[in-house]
Each structure stands twice: as structure tokens, then as C-alpha cells.
Amino acid sequence: MFEFHSVGKVFDDGTVAVDGVDLRVRRGEFCVLLGPSGSGKSTLLGMVNGLITPTSGSVSHDGTPLVDLNIGEIRCKMGMIHQQLHLVPRLSVLGNVLSGALPAVSLWRSLLGLFPIDFMRKACNLLQEVDLDADHLYRRASTLSGGQQQRVAIARAFMLDPEIVLADEPVASLDPANSRMVLQLLKGTSRRHNASVLCSLHHLELAMEFADRVVALCKGKVIYEGPPSGLTRELLDRIYGVGLNGKSAPADAALTPRMETLTAVSA
Amino acid sequence: MTKPEKFTSRENSGEDTIAETWRLRQPISAKLIVFLLAISVLLGLSAHRSQMDRAFMETLGAVGSLFGWGESRVIKGAANFIGKSFPLVLEERTEVSRISDFDPNDLPMFAYLKIEETREYDTETEAWKIYSSQWLINPYGYLWRVIGKMADTIEIAIWGTILSVSLALPLAFFAAKNYSPSKILYHVARAICSFNRAVPDLISALFFVLMYGFGPIAGILALGFHTSGFLGKFFADEIENADPGPQLALSCTGASRLQVLRFAVLPQVVPQYFAYVQYILERNIRMATVLGIVGAGGIGMELKGRWDMFNFGHVSTILLAILLTVLALEHLTQWLRAKFI
Ligand SMILES: Nc1ncnc2c1ncn2[C@@H]1O[C@H](COP(=O)(O)OP(=O)(O)OP(=O)(O)O)[C@@H](O)[C@H]1O
Ligand SMILES: [Mg+2]
């Protein structure tokens, strides 16, 4: 499984994006990252799939630090779902889903676009799981609605039976009804394939509804980790700033000590 | 003018309007005026050197003479050509005595024989001498010849374009910064593209004629190399500008760079590639009609020969054929594009 050991990331410009995060994603769980904009959610996710290398601590897979592993191999063990959908617009739905299996296809086959029939079947099954039918198979991804596109992205992420699916604000560009459906499909699919999900969300309600476990980040630090029911009003105020009205964020000096006690408690 | 100053002044006098505190740029600055003046002086000097003043006067004279004021050599020149260009020559005449194995009972289609008499005044005998010669007239012979040459020309353009695309695709891979295997190869590929673009095809055709002799090979090579410079650059730029999102998504799944290129870049760039190739094909057809002038095959060779012999009737047939072909092909490629993309 994937584990963070006091992981920190300081960007070249001095921004401390992630600061001493310890986290363990358990097999099969739906783990939601909460936190205001700039709290380091994307950075944390990026460190799992090797887009970003931590400046301190390490991310490890089954006990081996990622830096000692082949990045291509490790990426086959995870799926990724992005906020901006990131499907290939002019490729068919089927093509998009199949492209999730590229590492497992030989180079010449993939260059010719000749995927083995097993993969085709699997792609169809996955599309069915996310409620898309045969009519959609050969439609261009760009002709689908946002919700449908995100479902295609889910299918793509599960092509190689990942251990973990990373989702960075997967529903941020969708309306509430679609968001709920997409998350339901994501959760259902991950259950069936016994994959864990590490998912950052902006919507508190959705997080409460779907998360098995919530990890709340603030300024790069974990300030809460536990079941969604444990998120108290007071904690939320700390995460998102007092009052949730966006007018005033609490001063750093006032927040930091409390945050430290909290991380100590949760660790 | 530093920021703090700006802010304090705003705090001190609350009723300052934004226009007073924020520094707005003048739409027309002194710099711009000086720049425009300098440009116009330079253009003025250059206009005289390139005879733009004479062009203006002569054109004015030409328009005047059309309305009956004075004479114009521009109009005379045009009238001279136009007068000699009509009627268009469509027929082909061959003197029968020059045809070996001539069989009057087996004439080509539509062809007929004609006997022509020419008189010549003999100063010694002081009498007219009459020569009679028999001609085989093929009424559409020349038209067919031009059509055949036009087909050659189009074939030259098509093969030139095929060569160009097959050179440009690998060049583009190396010349795209985000996919080039190494920085050196990137610069080499970009340099090849610039070089190919920099050498005009009319000039490289001259050299290819020296190497491969007269005929279509020289034309195809010249077109192929010259336009591969354009296509290579366009293709590479297109790869560089492709939406990075899908590429990131695919590389996150662990796909190799070539696979990402194939699945996340290629589908995105294909429509533009077709547009570029269509443009290059059209351009090559236009250019192939001219390349023959330096001996690189196609209708240009015929044009040059006829022009040098002042056969303006033939020349205008050729020009009309070129015009019609280019127009027709432009419509054809547009139709193809609309249909398949
Ligand atoms: N490439 C980078 N270079 C410098 N700073 C960066 C870079 N990427 C992110 N940051 C900074 O790191 C911090 C955390 O960014 P991150 O994108 O992880 O936040 P986030 O929680 O995902 O925010 P959001 O909810 O808005 O997506 C921010 O302050 C951001 O400005
Ligand atoms: Mg983010």
C-alpha cells in the first residue's frame, strides 16, 4: 500500500506546499483530502504518481520508497482522474478508455492502435460499470457532457486494475447531481475492483457522504484524520478559516499552535 | 512612482479618482510618432529605388489612355500580348513529309489532311514559285498535349508533397522541443527545416536538373525538400502546442513517450496536419507549373518553349489550362477536407 512518511515539499520559489505529512492509504478505502485552496492537496497527490518529488521524507509503496522503484511500473499500479477531465477530445470513447492500458500493450500494437481483444472487452465492461452504453463507444470524447467525460475517465483509470486511484477534484467542474453520480460510480467501481481511492474534494457535503476517511489539510499540514463524522464545526472553521464566509482568515500566529497540537493528537 | 507612494496618496485624499492615481498609458506616444516617421522615410527612399513612383505614373497613364488621353506603353504591351493570344491554339499541325510511315488511310481521331500552298517570289526568274505542302491537322492535338503536360505537373506536385510529408514527419518529431530525444537533435532538426525553407525551390531545381537531368525528378526533389522545411516546422509547432492535459493524463497511466505521442498528441494535431498538407499541395501545384521553366519537367517546360518562340496562342492555352487546373484542384481539396475531417 501507499504510505507517506513525514513528507514535505518546498517548491523552488520557497513555497511550503506540504509539510511533514504522515499518511497511510488502506486497501479498498475511499480516502478524501479536504482543505482550502493552496493547502497542498494537488501536491500530495502529485507525489504519489511521481509528478512531484518530495523534498523531505518519502512516499513508499509496500515499504519501498518510490524513488527506488521504476516510475513506469509504479504508475501501472495507479489510476488518475483529473479535474479538467483530460480526455483526448478527438479520440473515441473506447480509444480513451483503452489508452489507460497503454503500458501493458506492446509498442507496435499500440502505435497501430491494435489493442488485444481482452482489453477491448475489459474496456466495454468498465464503460458499462460507469453507466455508458454501446452507443457511446465510438463517439468522440469531445461530444460527451462533462459528467459523461468524467465517467469515461473513471473507466480509463481502472483499465490496469490499479491498487489506488488518485482523483484530484474529480467533480469540481460538474453540477451537484452529476457530482454525486460520478462519485457514486467511482466509489462503486473501486469497491468492485478492490482499489483504494485518494480523492481531493472541495464539497464538504460530498466528502461527508462518500468518505470512509477524511484527511484535512491546512497549509500543507494534516490537521484532522479520521471518519467524516469526527469533523466538528470547530474543526471546519480551522480548516477553512473562521466563519466560512471567506472574509477573514485567522492570523497565522493564532492558528499554528492549535494546529500543532491537533497533528500531534492525530498522529 | 513606487507602489507605496500611490497607496498613501490615495489614503490621504480620499476623493482622488482612479484616473489620477493610476498611471494610464498614452495611446499615442512620442516614441510611436518618431518610429512611424522613421519608417515612412525609409519606405519613401525604398519606393524610389524600387521604381514605385514610376509604377504609379505609368499606371496612371494607362488608366488615362483607356479613356483616350495620350498613349501608354503598359496598355500597348498588354494589347500586343492579348492581340496575339487569340484565338487560342488547340490544334496540332504536322507536315506530312516529316512523318515517317505515314498512312493516309489511318489517321488519328478527328484528324484531317490539308494542303497548303506557299508562294515565293524568285528574283532570278522573276516569277512566283509555288510550293505546296500537305499537313496533318489534329484539331485538338495541342489541347491533349497540354492536358498531358498538366497531368505530369500535378503528378510532380503530388509526389513532391508525398516526399515532403515523409521528410517532415520524422523532422517534426525531432524538432518538437517536448519530444525531441536530445537538445542537439532538436537544434539540428530545426536547422534543417530552416535551411530547406531558405533555399527557394526554383533554385534547388536548377541544381537537381544538373544532377538528375531534365525532367520530373528534379521538380519532385525541389518541391519535396523546400516544402518539407515548412511542414516540418508546422508539424513540430503543432506538437509543441498540443493541449498538455491529455498528455499528462496518459503519462500518468505509465504510457511511454511514443505512446503518448500517438494517443494524446496525434489525434489532436491531425486536422491541422491535413490543413497544412492541403495548403502545401495547392502551393506545389502552382509551383510545379513554373518549375518547368528551369527544366524540371511539367507544363512549365512547354510554356517556356512557346514563350521563347512567341507562340502566344499556345501560351494562352497553357495559361488557361493552368488557371482552370489550380481552381479545380483547390475546390477538390476543399471538398475532400470538408468530407473527411
Ligand atoms: N509548481 C509550483 N511551483 C511553486 N509553487 C507551487 C507549485 N505548485 C503548487 N505550488 C504552491 O503550493 C501550494 C499548494 O498547492 P496545491 O496545488 O497543492 O494546492 P491545492 O490544495 O491543490 O489547491 P486547490 O484546491 O486550489 O487545487 C500553493 O501555495 C501553490 O501556490
Ligand atoms: Mg489542486
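Residues numbered from 1 in each chain as written. Chains lettered and ligands numbered in written order. Predicted model: local features only at pLDDT ≥ 70, side-chain atom pairs only at ≥ 80, totals over all residues. Heavy atoms only, no water.

Asker: With reference to specific residues and values, describe the overall build of chain B.
Answerer: Along chain B, the regular secondary structure elements total 13 helices and three strands. Radius of gyration (C-alpha) of chain B: 32 Å, far over the 20 Å computed for a compact globule of 341 residues. Each principal axis of the C-alpha distribution contributes one length, and for chain B these read about 120 × 65 × 40 Å. Long-range contacts, defined as pairs at least 24 residues apart, comprise 68% of the intrachain contacts of chain B with a sequence gap of at least 6. When the accessible surface of chain B is summed, it comes to about 21800 Å², and 66% of that surface belongs to carbon and sulfur atoms. Computed over 31 positive and 31 negative side-chain charges, the separation of the two mean positions in chain B equals 11 Å. (Helix = DSSP H or I, 4+ residues; strand = E, 2+ residues; numbered from the N terminus. Rg over C-alpha atoms; globule rule 2.2 N^0.38 Å. Contact = heavy atoms within 4.5 Å. Areas by Shrake-Rupley, 256 points an atom, 1.4 Å probe, with all protein chains shown as cover. Lys, Arg positive; Asp, Glu negative; His and termini not counted. Charge placed at Lys NZ, Arg CZ, Asp CG, Glu CD.)

Asker: Requested: an account of the overall build of chain A, with residues and values cited.
Answerer: A tally of helices and strands in chain A yields 10 helices and 10 strands. A globule of 267 residues ought to have a C-alpha radius of gyration of about 18 Å, and chain A, at 19 Å, matches this closely. Projecting the C-alpha coordinates of chain A onto the three principal axes gives extents of approximately 60 × 40 × 35 Å. Considering chain A as a whole, with its 267 residues, one finds that 51% of them fall into the buried category. In chain A, once contacts between residues fewer than 6 apart in sequence are set aside, the share between residues at least 24 apart is 70%. If you sum the accessible surface of chain A, you get close to 11600 Å²; carbon and sulfur atoms cover 53% of it. On chain A, the mean spot of the 26 positive side-chain charges and the mean spot of the 27 negative ones are 4 Å from each other. (Buried < 20%, exposed > 50% of the residue type's maximum accessible area, 1.4 Å probe, protein only.)

Asker: Residue-level account of unusual backbone geometry, with values.
Answerer: Most peptide bonds take the trans form, and the phi angle of most residues other than glycine is negative. Residue and element names in this part refer to chain A. If you check the backbone angles, Asp-62 has positive phi at about 50° while not being a glycine. Mapped onto the elements, Asp-62 comes out in the loop between strand S4 (56–61) and strand S5 (64–65). For Asp-62, a relative accessible area of 52% puts it in the exposed group. Unlike most non-glycine residues, Lys-219 shows phi in positive territory, near 50°. Along the chain, Lys-219 falls in the loop between strand S9 (213–218) and strand S10 (221–226).

Asker: Which residues make up the side chain of A:Ser39, and what values go with them?
Answerer: Residues and elements named next belong to chain A. Looking at the element boundaries, Ser-39 is found in the loop between strand S3 (30–34) and helix H1 (41–48). Since its relative accessible area comes to 1%, Ser-39 is described here as buried. Within the local environment of Ser-39, its side chain forms a polar contact with the backbone oxygen of Pro-36, the two atoms lying 2.6 Å apart. Sequence-distant contacts of Ser-39, defined by excluding residues within four places in its chain, comprise Ala-17, Leu-217, Cys-218, Lys-219 and Gly-220. (Polar contact = N/O pair within 3.5 Å; in protein donor to acceptor, adjacent residues only side chain to side chain.)

Asker: For the site of ligand 1, give the residues involved together with the corresponding values.
Answerer: Residues and elements named next belong to chain A. Close contacts around ligand 1 come from 14 residues, with Ser-37, Gly-38, Lys-41, Ser-42 and Thr-43 the closest. At 2.8 Å from an oxygen atom of ligand 1 is found a main-chain nitrogen or oxygen belonging to Gly-38. Interatomic distance of 2.4 Å between a side-chain N/O atom of Thr-43 and an oxygen atom of ligand 1. Coverage of ligand 1 by the protein amounts to 63% of the 630 Å² it exposes when considered alone. Sort the elements by how many residues they give to the shell around ligand 1 and H1 lands first, with three residues. (Near = heavy atom within 4 Å.)

Asker: Account for the interface of chain A and chain B, naming residues and giving values.
Answerer: In this assembly, 27 residues from chain A lie in contact with 19 residues from chain B. In this assembly, chain A packs against chain B so that about 1900 Å² is buried in total across both faces, 69% of it on carbon and sulfur atoms. Where chain A packs against chain B, one counts zero salt bridges. In this assembly, chain A and chain B are joined by six residue pairs in polar contact (both at pLDDT 80 or more). Listing elements by their share of the side of chain A that touches chain B, those giving two or more residues are helix H2 (71–76), strand S6 (78–81) and helix H4 (107–112) of chain A. (Buried area = accessible area lost by both parts, 1.4 Å probe. Salt bridge = Lys/Arg side-chain N within 4 Å of Asp/Glu carboxyl O.)

Asker: Tell me what's going on with the packing of helix H10 (residues 244–252) of chain B against helix H11 (residues 257–291) of chain B, and back it up with residues and numbers.
Answerer: All names here are of chain B. In the contact formed by H10 and H11, the axes pass within 9 Å of each other and the chain directions differ by 165°. One element, H10, and the other, H11, form an angle in the roughly antiparallel class. Our pair here, H10 against H11, has a crossing hand that is right-handed. Residue-level contacts link Pro-246, Gln-247, Leu-250 and Ser-251 of H10 to Val-260, Phe-263, Ala-264, Val-265 and Gln-268 of H11. Here the residues of the contact of H10 with H11 are counted per class, giving six nonpolar, three polar and no charged. (Axes fitted to C-alpha atoms, helices over the stretch in contact; angles between N-to-C directions. Parallel < 35°, antiparallel > 145°, perpendicular 65-115°, else oblique. Left-handed = near helix turned anticlockwise from the far one by under 90°. Nonpolar A, V, L, I, M, F, W, Y, C, P; charged D, E, K, R; others polar.)

Asker: Give me the lowdown on the domain arrangement of chain A, citing residues and values where you can.
Answerer: Residues and elements named next belong to chain A. Domain boundaries in chain A define domain 1 (1–77 + 162–231) and domain 2 (87–161). The centre of domain 1, based on its C-alpha atoms, is set 24 Å off from the matching centre of domain 2. In total, about 1300 Å² of surface goes out of reach between domain 1 and domain 2, with carbon and sulfur atoms giving 70% of it. Of all residues in domain 1, Pro-162, Leu-185 and His-193 give up the largest surface area on contact with domain 2, accounting jointly for 37% of the area buried on that side. At the boundary of domain 1 with domain 2, the tally comes to one salt bridge. The partner of Arg-192 in a salt bridge is Glu-129, and the shortest N-O contact between them spans 2.7 Å. Here domain 1 and domain 2 share three residue pairs in polar contact (both at pLDDT 80 or more) between them. At eight residues, the largest contribution of residues to the side of domain 1 that touches domain 2 is made by helix H7 (residues 176–192). Class assignment for the residues of the side of domain 1 that touches domain 2 results in 10 nonpolar, four polar and two charged. (Domains from an automatic or database assignment.)

Asker: Any chance you could break down the domain arrangement of chain B for me, citing the residues and the numbers?
Answerer: Assigned domains of chain B: these are domain 1 (92–139) and domain 2 (142–340). Each of domain 1 of chain B and domain 2 of chain B was reduced to a C-alpha centroid, and the two centroids are 47 Å apart.

Asker: Give a description of the packing of aromatic side chains that names residues and reports values.
Answerer: Residues and elements named next belong to chain B. Counted under the stated rule, the structure contains 12 aromatic pairs over all chains. Each ring, one from Tyr-121 and one from Trp-128, has its centre 5.4 Å from the other, and the planes form 65°; the classification is edge-to-face. Classification of Trp-128 as partly exposed rests on a relative accessible area of 48%. Pairing Phe-235 with Tyr-273 gives two aromatic rings, centres 3.8 Å apart and planes at 15°, and the pair type is stacked. Pair noted here: Phe-235 is in helix H9 (residues 216–241) and Tyr-273 is in helix H11, with a separation of 38 residues, a long-range link. A residue is classified by how much of its surface remains accessible, and Tyr-273, at 10% relative accessible area, is buried. Residue placement shows Arg-119 over the ring face of Trp-128; its charged tip is 4.2 Å from the ring centre. We note Arg-262 situated over the ring of Phe-263; from NZ or CZ to the ring centre the distance is 4.5 Å. (Phe/Tyr/Trp six-rings, centres within 6.5 Å; stacked < 30°, edge-to-face > 60°. Lys NZ or Arg CZ within 6 Å of the ring centre and 35° of its normal.)

Asker: An account of the state of the cysteines is requested, with residue identities and associated values reported.
Answerer: Considering all chains together, one arrives at zero disulfides over all chains under this definition. No disulfide involves A:Cys76; its sulfur sits 12 Å from that of B:Cys252, the nearest cysteine. (Disulfide = S-S within 2.5 Å.)

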